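Examination of the molecular architecture
One-letter residues, chain by chain:
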Amino acid sequence: MFVAVYAICKNEAQFVDRWMNSMAEADQIVVLDTGSTDDTVKKLAERGAEVTIGIIDPWRFDVARNQSLDLVSPQADICVCTDLDEVFHPGWREKLEASWTPRATQARYRYTWSFNPDGSEGVVFWTEKIHARYGYTWVHPVHEVLKWIGQGLPGEMVTAEGVQLDHFPDFTKSRGQYLPLLELSVQEDPDDDRNVHYLGREYMYKRRWDDCIRMLKRHLAMPSATWRDERAASMRYIARSFAMKGERAVARDWYLRAIAEAPHLREPYTDLAMLLYEDQAWDGVLYFTGCALDITDRPRSYICEAASWGSLPHDLRSIALYHTGRLEEALGEAQAALELEPGNQRLRSNVEILGRQVAQQ
């Protein structure tokens, strides 16, 4: 089986050696450099990558991805799209080949998008950027996705258990291009609910609260927006925007709608618990953190957020128990929070303080 890795890059010399070491299990590594001014191209070529320089103007991620895919050998059976700030765990090729079937045309695998300061995993979801050589193209100017354009229906989507890709982003790079490209995506394809959701989320990141609310209400009204997890996320972002506007009662109601939409997710419960924590509504904090912690199966979608699966629910619960006079229970939750984030000095101090108070009872 012929496995090819392909990528796009610009000014990423600092990542070349780590990336090439990780991708070395492939039969071919091709890279489209889109205008580096450092020695990225030189370093890649020295390490054995096949590098082509191509300027994309105006910039679009889908155009760049498709041009890099064109560089892959026609002999390739499996194409693996990665970026230079990503790293596979060793043995990925063997696990990928073991999961691939004669009917497979695409593979799903585990992806850690970010890490916490203590090195633990942050945002984790499953992604699908491994595919057959023919039949696929990239679409959308940003948050690009693979689209099947082959004859008939696509083949089987396999799950590549054990394949793990880690992302170590360069946070010095600007996200400034994302918003105009997302606005272009929605302009080009106004019926794509995914793009509308992402644009609303980007408005939230930019603190454009009214635009966020408007766009995500549009998302929720779309007939194609049926994925409950993503609908709940839109409701949560609407709630967060209303809270930032000072309309906390409206925010609470939107969080409740998000819970009703996707009661199997921790995130809506945790977000509402945080809102109630800020309002010092301790009984509500206890109820909703309890609901969050009752959910023990972490979903495989990008909706899964690190905070809800880290120390936060236990931390909020400990504080609420303290304020309602239940010191021993508060200590237990503080210890649970510290176990999940052992490098957090505030959590460690909470455990020490509560421990002394419990001992004095």
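Here is what the cut-offs are and how they apply
- Each residue is numbered by its place in its chain's sequence as written, counting from 1.
- Where local features are concerned, this predicted model is filtered to residues with pLDDT of at least 70; where side-chain atom pairs are given and counted, the filter is 80 or more; whole-chain, interface and lining totals use all residues.
- Hydrogens and waters are ignored; side-chain quantities use all the structure's heavy atoms.
- Helix and strand labels come from DSSP, where a helix needs a run of H or I of at least four residues and a strand needs a run of E of at least two; each type is numbered from the N terminus.
- In this treatment the radius of gyration is a C-alpha quantity, and the globule benchmark scales as 2.2 Å times the residue count to the 0.38 power.
- For every residue, the accessible area obtained with a 1.4 Å probe (protein chains only) is divided by the maximum for its type, and the residue is called buried under 20%, exposed over 50%, and partly exposed between those limits.
- Contact definition: two residues touch when any of their heavy atoms are within 4.5 Å.
- Calculation of accessible area relied on Shrake-Rupley with a 1.4 Å probe; when residues are assessed, cover is drawn exclusively from the protein chains displayed.
- Counted as positive: Lys and Arg. Counted as negative: Asp and Glu. His and the chain ends are not counted at all.
- Where a charge sits is defined by one atom per residue type, namely NZ (Lys), CZ (Arg), CG (Asp) or CD (Glu).
- Salt bridge, as used here, is a side-chain nitrogen of Lys or Arg placed within 4 Å of a carboxyl oxygen of Asp or Glu.
- Think of each axis as a best-fit line through the C-alpha atoms, taken over the contacting stretch in the case of a helix, with angles from 0 to 180 degrees between the N-to-C directions.
- The cut-offs work like this: below 35 degrees is roughly parallel, past 145 is roughly antiparallel, 65 to 115 is roughly perpendicular, and the gaps in between are oblique.
- By definition, any crossing whose near helix is turned counterclockwise from its far helix by less than a right angle is left-handed, and any crossing with a clockwise turn is right-handed.
- Each residue gets one of three labels, nonpolar for Ala, Val, Leu, Ile, Met, Phe, Trp, Tyr, Cys and Pro, charged for Asp, Glu, Lys and Arg, and polar for the others, Gly among them.
- Pairs of N or O atoms are called polar contacts if they sit within 3.5 Å, as long as, within protein, a hydrogen donor faces a hydrogen acceptor (for residues adjacent in sequence, only side-chain-to-side-chain pairs).
- Whether two strands pair depends on DSSP finding at least two bridges between them.

This next bit is on the overall build of the protein chain. If you tally the helices and strands in the protein chain, you get 14 helices and 10 strands. Here the C-alpha atoms of the protein chain give a radius of gyration of 23 Å, agreeing with the 21 Å that 2.2 N^0.38 yields for 361 residues. Of all 361 residues assigned to the protein chain, the portion counted as buried reaches 53%. A separation threshold of at least 6 residues defines the contact pool for the protein chain, and within that pool the share at least 24 residues apart is 66%. A total accessible area of about 16900 Å² is found for the protein chain, and carbon and sulfur atoms account for 51% of it. Of the side chains in the protein chain, 41 bear a positive and 55 a negative charge, and the two mean positions are spaced by 3 Å.

For the bond from Asp57 to Pro58, the omega torsion is 5 degrees, close enough to zero to count as cis. Relative to the helices and strands, Pro58 is located in the loop between strand E3 (50–53) and helix H3 (61–69). One non-glycine residue, His140, lies in the positive phi region at around 90 degrees. Tracing the chain through its elements places His140 in the loop between strand E8 (136–139) and strand E9 (145–148). Positive phi, close to 50 degrees, is recorded for His143, a residue that is not glycine.

For the coordinates displayed, the defined rule picks out 24 salt bridges. One salt bridge connects Glu278 with Arg248, and the closest N-O pair in it is separated by 2.9 Å. Taken as a pair, Glu278 in helix H10 (residues 266–278) and Arg248 in helix H9 (residues 248–261) lie far apart in primary sequence, 30 residues in all. One salt-bridge network, in which partners are shared between bridges, spans Arg236, Arg240, Asp271 and Glu305.

Quick look at the packing of helix H6 (residues 193–205) against helix H8 (residues 228–244) now. One way to put it is that H6 packs onto H8 with a least axis distance of 10 Å and a crossing angle of 25 degrees. The angle between H6 and H8 falls in the class roughly parallel. Every pair of crossing elements has a handedness; the one defined by H6 and H8 is left-handed. On H8, the residues touching Asp193, Arg194, His197, Arg201 and Met204 of H6 are Glu230, Ala233, Ser234, Tyr237, Arg240 and Ser241. Considered class by class, the residues forming the contact of H6 with H8 number 3 nonpolar, 3 polar and 5 charged.

A few words on the side chain of Asp271. Structurally, Asp271 is set in helix H10. Within the structure, Asp271 has its side chain in polar contact with the side chain of Arg240 (distance 3.4 Å). Asp271 has contacts with Arg236, Arg240 and Tyr255, leaving out every residue within four places of it along the chain.

The element strand E6 (residues 104–112) is largely enclosed, with a buried count of 7 among its 9 residues. For E6 and strand E10 (residues 156–167), the ladder comprises 7 bridges, and the chain directions are parallel. Bridge pairing links Tyr111 to Leu165 in E10. Pairing geometry for E6 and strand E7 (residues 124–132), over 6 bridges, is antiparallel.

Read from one edge to the other, the open sheet built from 8 strands follows the order E3-E2-E1-E4-E7-E6-E10-E5, with strand pairing classed as mixed. Edge positions in the sheet fall to E3 and strand E5 (86–88), since each has one partner strand and no second. Across the sheet, the mean angle separating the axes of adjacent strands is 35 degrees when strand polarity is ignored. Relative to the sheet, helix H1 (residues 16–23) contacts strand E1 (3–9), strand E2 (28–33) and E5, its axis offset from that of E5 by approximately 30 degrees. Each of E1, strand E4 (78–81), E5, E6, E7 and E10 is contacted by helix H4 (residues 92–99), which is oriented at about 165 degrees to E10, the strand it contacts most.

Turning our eyes to something else, we now look at the packing of H8 against H9. Working note: a packed helix pair is described by the angle between its axes plus the distance between those axes. Close contact between H8 and H9 brings their axes to 8 Å; oriented N to C, the two are set at 170 degrees. Classified by the angle between their axes, H8 and H9 sit roughly antiparallel to one another. Together, Arg228, Arg231, Ala232, Met235, Arg236, Ile238, Ala239, Arg240, Phe242 and Ala243 of H8 and Val250, Ala251, Trp254, Tyr255, Arg257, Ala258, Ala260 and Glu261 of H9 make up the contact between the two elements. Classifying every residue of the contact of H8 with H9 by side-chain character gives 12 nonpolar, no polar and 6 charged.

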